[in-house]
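Observations on the model geometry
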Amino acid sequence: MQENNKEITIQDVISKKKETTKKVDSKAIMKAYNYASQHHGDQKRRSGEPYIIHPINVAYILAGVGLDEATICAALLHDVVEDTDATDADLRRDFSDEVADMVAGVTKLGTMMFTTVEEQQVEDYRKMFLAMGKDIRVIIIKLADRLHNMRTLKFLKRERQIANAKETMEIYAPLANRLGLYSMKWELEDLSFKYLYPEEYHELVEGINKKREERLKFIEKIMDDIRVQLKKQHIDAEVTGRAKHLYSIYRKMQRDDKGLDEIYDLFALRILVNSVKDCYSALGVVHEMYSPMPGRFKDYIAVPKPNMYQSIHTTLLGEKGTPFEVQIRTWDMHRIAEYGIAAHWAYKEANFMGKGKQVVKVEEDKLAWLRESLEWQRDMQDPQEFLETLKTELFEDEVYVFTPKGAIKVLPRGGTSIDFAYAIHEQIGHHMTGCKINSKMMPIITPLKSGDIVEIITSDNSKGPSRDWLKFVKSTKAKNKIQSWFKKEQRTENIEKGKDLIEKELKRIGFAHSDLFKTEYIEPMLDRYKYKDLEEMYAAVGFGANSAGKVVARILQEYRKEHEEENIEEKIEQLNKQKSRKSKASGSGIVVKGIDNCLVKLSKCCNPLPGDEIIGYITKGRGVSVHRKDCVNVEDLLTEENRIIDVRWYEEAKENYNVNIEVLANDRNGLLVEILNVIKDTKASLMGVNTKTTKERIAIIDLNIEVENIEELNRVIRAIKKVDSVYEVRR
């Protein structure tokens, strides 16, 4: 990487470190640099540059966010164990356990045997998270490493660019966000955007540059006016303007379906002051000067984000009604806003200078979400499920909800009172029987909104959580606690179910139980998945924490070592091609013309049911997607005739299907209860309900029901239509 067309050197790293710390241990940094330089030797990067340039740049990024010498040394050495003949023992001998532990935390797993590439990737993430739990600096090194790799991504092939950019957008940028490292987060997002959507990226850059001068004049006049008014009120403040980051502009355009000309707040103002009191005084000044936009005010000082971010955000209307955003914060808040947990760490190090360095552990940083993620990720064996949960957990999109006593609980967007109950305490969740939202009795699956006051109703006679709750909860904590309860309560049942699933899997690939279940084949599998015995393995499979396919595939790896028959490889490959247990193959009750054992997915846009006329559409890499013939999307699909395939319902299939129906009615007392009783009288199972009432007193009731076929659905619809006040029922 180059900064101002100048190649970064080790002296630049030391100089950058001196900007944040008076006393710098230059000898330690030089020792690590010389060691890395000697071991990497003549190694080259894809760009053709000497390899040592990469660790120097990673160290420079970390020096810039105020990390200590030990972290900078670990950054310089972070690839020597993975890419040279240096070992972990060498680093512990020549440097320290502190440095060696950090290097070990960012080193990928190289020696273990994995059934799939996905599994390898998951184990790398798992290892990284566990290392984070011991020392948060590990992940900051990893983020700096990824940032420099993204800056030099142009030297890789297109497919690698896409893969790296996708992983960065899905894992590393959200992780930087959750740690409050916004300076890294913005750059990681913009670089990923550049490679994932190159045309949109360049169009946006050109569009912004065209009107740059005009917008700068607009924002500079506002800044000058605000400076004058703040001075009059004797508020010592620095007022700056910054262009919004490209990806955030693009995301806003996509979300609101707007063109660039319709996005006015491309620039944000930042007011930095000396105290919290001055923050609110400055807010009063700008609100007096300009009209605030309703619903666009956020006070993260009173209610900080979980990553410690604090600031006041307000959107104001300038001349001609043009909106612009203002952020108001103290200098201390600004340091944490830019560098997040890294600033917190550097601050602690500075405070304890001369009293022995402190490693900032996760517990001290109040990052509860990280502790929880360390809990759930230990138990999750399914790689697909792990990745999905990890991505959900990292994307910060939260609501702030209050207990009746005023305590704040942070939940994922869409979280319900079930999530809220488990956020208070595990036993509150287990014994929950109902809830009041803003003093009104509501269904426990109602999504909560920021500002809601929630009261949980419990009973000692409660039989525990329902399995259906897992369909509605959004937080990993709630999901984890509910699953743990079922693991304990239904262990015997899970063991039997697990045995049955393993037997079916063995039968499917043509092996007898006695062929594979020998001590020498089983023990490596138990060790790989950390099961103490076969019963624990069966319970995990029966419960759904691991799949029978994964377990048998691992046993087959050992069996293969002693049996060289050709068809073993084919059988393992067959297992590896299986999708996660969430996917529905031919078990969905669909027969695809000319293809056996094809992955079939019932399209969510129209939720086809047995009896509906259907067509199949061959997707890229995801099997066949099945739509109703009257689906709104079918017309677009028919333009690609070569991807349309004949499908039909399998007559003997006895599957249950989820379908959403909407009920419109004139609101009245007892309406919902009557509709629910009508559904209860049919064979259909109610899976979810959501209600709202318009100003005109029209009740809109969304029902999610489980039925066997179209006839059963029509029976339900007819029954609901007979309820007094209901005037329309539709899919």
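1. Structural notes on the overall build of the protein chain
A count of helical and extended segments in the protein chain gives 30 helices and 22 strands. Per-residue burial for the protein chain yields a buried fraction of 49% across its 731 residues. When contacts within the protein chain are restricted to residue pairs at least 6 apart in sequence, those whose partners lie at least 24 apart make up 66%. Total accessible area on the protein chain stands at roughly 37400 Å², and carbon and sulfur atoms take up 48% of it.

2. Looking at the packing of aromatic side chains
Across all of its chains, the model carries twelve aromatic pairs by this definition. Ring geometry for Tyr197 against Tyr250: centres 5.7 Å apart, planes inclined by 35°, an arrangement best described as tilted. Highlighted residues: Tyr197 in the loop between helix H11 (182-196) and helix H12 (198-210) and Tyr250 in helix H14 (residues 246-256), separated in sequence by 53 residues. Judged by relative accessible area, which is 12%, Tyr250 ranks as buried. Here the aromatic rings of Tyr247 and Tyr250 are separated by 6.3 Å at their centres, their planes lie at 35°, and the arrangement is tilted. With Tyr247 and Tyr250 both in helix H14 and three residues apart, this pair spans about one turn of that helix. The two residues Tyr247 and Tyr250 agree in class, both being buried. In this structure, Lys31 packs its charged tip against the face of Phe95, placed 4.9 Å from the ring centre.

3. Concerning the pattern of salt bridges
For the coordinates displayed, the defined rule picks out 21 salt bridges. Glu189 serves as the salt-bridge partner of Lys185, at 3.9 Å between the closest nitrogen and oxygen. Taken as a pair, Lys185 and Glu189 lie in helix H11 at a separation of four residues, close to a single helical turn. An identical accessibility class is assigned to Lys185 and Glu189; each is buried. Several salt bridges converge on common partners, so that one network encompasses Asp88, Arg92, Asp97 and Asp101.

4. A word on the sheet that holds strand S15 (residues 614-618)
Pairing between sheet strands relies on hydrogen bonds along the backbone, with the strands arranged either parallel or antiparallel. A sheet is described by the order of its strands in space; here four strands give the open sequence S14-S16-S15-S17, paired in mixed fashion. Each of the sheet's edge strands pairs with one partner strand only, and the pair in question is strand S14 (600-602) and strand S17 (644-645). Inspection of the sheet shows S15 paired to strand S16 (residues 624-628) by five bridges, in the antiparallel sense. Of the residues in S16, the one forming a bridge with Gly616 is Val626.

5. Brief notes about the side chain of Gln327
Structurally, the position occupied by Gln327 is in strand S7 (residues 323-330). Side-chain polar atoms of Gln327 contact the side chain of Arg329, separated by 2.9 Å. Beyond its immediate stretch of four places on either side in the chain, Gln327 contacts Arg242, Leu269, Arg270, Ile271, Tyr309, Ser311, Ile312 and His313.

6. Comments concerning the packing of H11 against H14
Look at H11 against H14: their axes get within 8 Å of each other, and the N-to-C directions meet at 65°. In this structure, H11 uses Trp186, Glu189, Asp190 and Phe193 to contact H14, whose residues at the interface are Leu246, Tyr247, Ser248, Tyr250 and Arg251. Classifying every residue of the contact of H11 with H14 by side-chain character gives five nonpolar, one polar and three charged.

7. Observations regarding the confidence of the model for the protein chain
When pLDDT is low, close inspection of the predicted coordinates is not appropriate. Summarising the model, the protein chain shows a mean pLDDT of 78, and 79% of its residues fall at 70 or more. Below pLDDT 50 for its whole length, residues 1-5 participates in nine contacts with residues either more than four positions away or in separate chains. Note that residues 578-587 has pLDDT below 50 and, in this model, 21 contacts with residues that lie over four places away or in other chains.

8. Considering the side chain of Ser311
Within the secondary structure layout, Ser311 lies in the loop between strand S5 (291-299) and strand S6 (312-317). The class of Ser311 is buried, set by a relative accessible area of 0%. Looking at Ser311, its side chain comes within polar contact range of the main-chain oxygen of Ile328, at 3.3 Å. With residues near it in sequence (within four places) discarded, Ser311 still touches Lys298, Asp299, Tyr300, Ile301, Gln327, Ile328 and Arg329.

9. Remarks on the sheet that holds strand S11 (residues 440-442)
Spatially, the three strands line up as an open sheet ordered S11-S10-S12, and their pairing is antiparallel. Either end of the sheet is taken by a strand with one partner, and the two such strands are S11 and strand S12 (454-458). Strand-to-strand, the axes of this sheet are offset by a mean angle of 35°, without reference to chain direction. Sheet topology note: the strand S10 (residues 432-437)/S12 ladder contains five bridges and is antiparallel. Pairing of Cys435 across the sheet is with Ile456, part of S12. Docked against the sheet, helix H19 (residues 417-424) engages S10 and S12, running at close to 80° with respect to S12.

10. Regarding H12
Because the α-helix completes a turn every 3.6 residues, residues three or four places apart line up on one side. End to end, H12 covers 19 Å across 13 residues, agreeing with the expected 18 Å (1.5 Å per residue, within 8%). Those residues of H12 that fall on the buried side of the exposure criterion are Tyr201, Leu204, Gly207 and Ile208. Axial view of H12: buried residues confined to an arc of 135°, hence all on one face. Exposed positions of H12 whose direction lies more than 90 degrees from the buried face are Glu199, Glu203, Glu206 and Lys210. Residues of H12 that are buried in the fold lie against H11, helix H13 (212-232) and H14.

11. Digging into a positive patch on the surface
Taken together, the side chains of Lys683, Arg715, Arg718 and Lys722 present a region of like positive charge at the surface. For Arg715, the location among the structural elements is in helix H30 (residues 710-721).

12. Focus: the nonpolar core
Membership of the largest hydrophobic core comes to 73 residues, with the highest contact counts inside it found for Ile502, Met537, Ile675, Leu703 and Ile720. Counting 58 residues, the second largest nonpolar core, distinct from the first, contains Val58, Ala63, Leu67 and Ala173.

13. Focus on the environment of Val541
Residue placement: Val541 occurs in helix H25 (residues 534-543). When its relative accessible area of 3% is taken as the criterion, Val541 is described as buried. Between the alpha carbons of Val541 and Val551 there is a distance of 8.5 Å; along the sequence they are ten residues apart. Every residue in contact with Val541, bar those within four places of it in the chain, is listed here: Gly498, Leu501, Ile502, Asn546, Ser547, Ala548 and Val551.

14. Some words on unusual backbone geometry
The residue His234 is not glycine, and still its phi comes out positive at about 60°. Relative to the elements of secondary structure, His234 occurs in the loop between H13 and strand S3 (237-243). By relative accessible area, His234 is classed as exposed at 74%. For Asn438, which is not a glycine, the phi torsion comes out positive at approximately 55°. Relative to the helices and strands, Asn438 is located in the loop between S10 and S11. For Asn438, a relative accessible area of 42% corresponds to the partly exposed category.

The rules we used
- Residues numbered from 1 in each chain as written.
- Predicted model: local features only at pLDDT ≥ 70, side-chain atom pairs only at ≥ 80, totals over all residues.
- Heavy atoms only, no water.
- Helix = DSSP H or I, 4+ residues; strand = E, 2+ residues; numbered from the N terminus.
- Buried < 20%, exposed > 50% of the residue type's maximum accessible area, 1.4 Å probe, protein only.
- Contact = heavy atoms within 4.5 Å.
- Areas by Shrake-Rupley, 256 points an atom, 1.4 Å probe, with all protein chains shown as cover.
- Phe/Tyr/Trp six-rings, centres within 6.5 Å; stacked < 30°, edge-to-face > 60°.
- Lys NZ or Arg CZ within 6 Å of the ring centre and 35° of its normal.
- Salt bridge = Lys/Arg side-chain N within 4 Å of Asp/Glu carboxyl O.
- Pairing = 2+ DSSP bridges.
- Polar contact = N/O pair within 3.5 Å; in protein donor to acceptor, adjacent residues only side chain to side chain.
- Axes fitted to C-alpha atoms, helices over the stretch in contact; angles between N-to-C directions.
- Nonpolar A, V, L, I, M, F, W, Y, C, P; charged D, E, K, R; others polar.
- pLDDT = per-residue confidence, 0-100.
- Expected span 1.5 Å × (residues − 1).
- Arc of directions from axis to C-beta.
- Patch = residues over 30% accessible without salt bridge, like charges linked within 9 Å, V, L, I, M, F, W, Y side chains within 5 Å.
- Lys, Arg positive; Asp, Glu negative; His and termini not counted.
- Charge placed at Lys NZ, Arg CZ, Asp CG, Glu CD.
- Core = buried A, V, L, I, M, F, W, Y, C linked by side-chain atoms within 4.5 Å.

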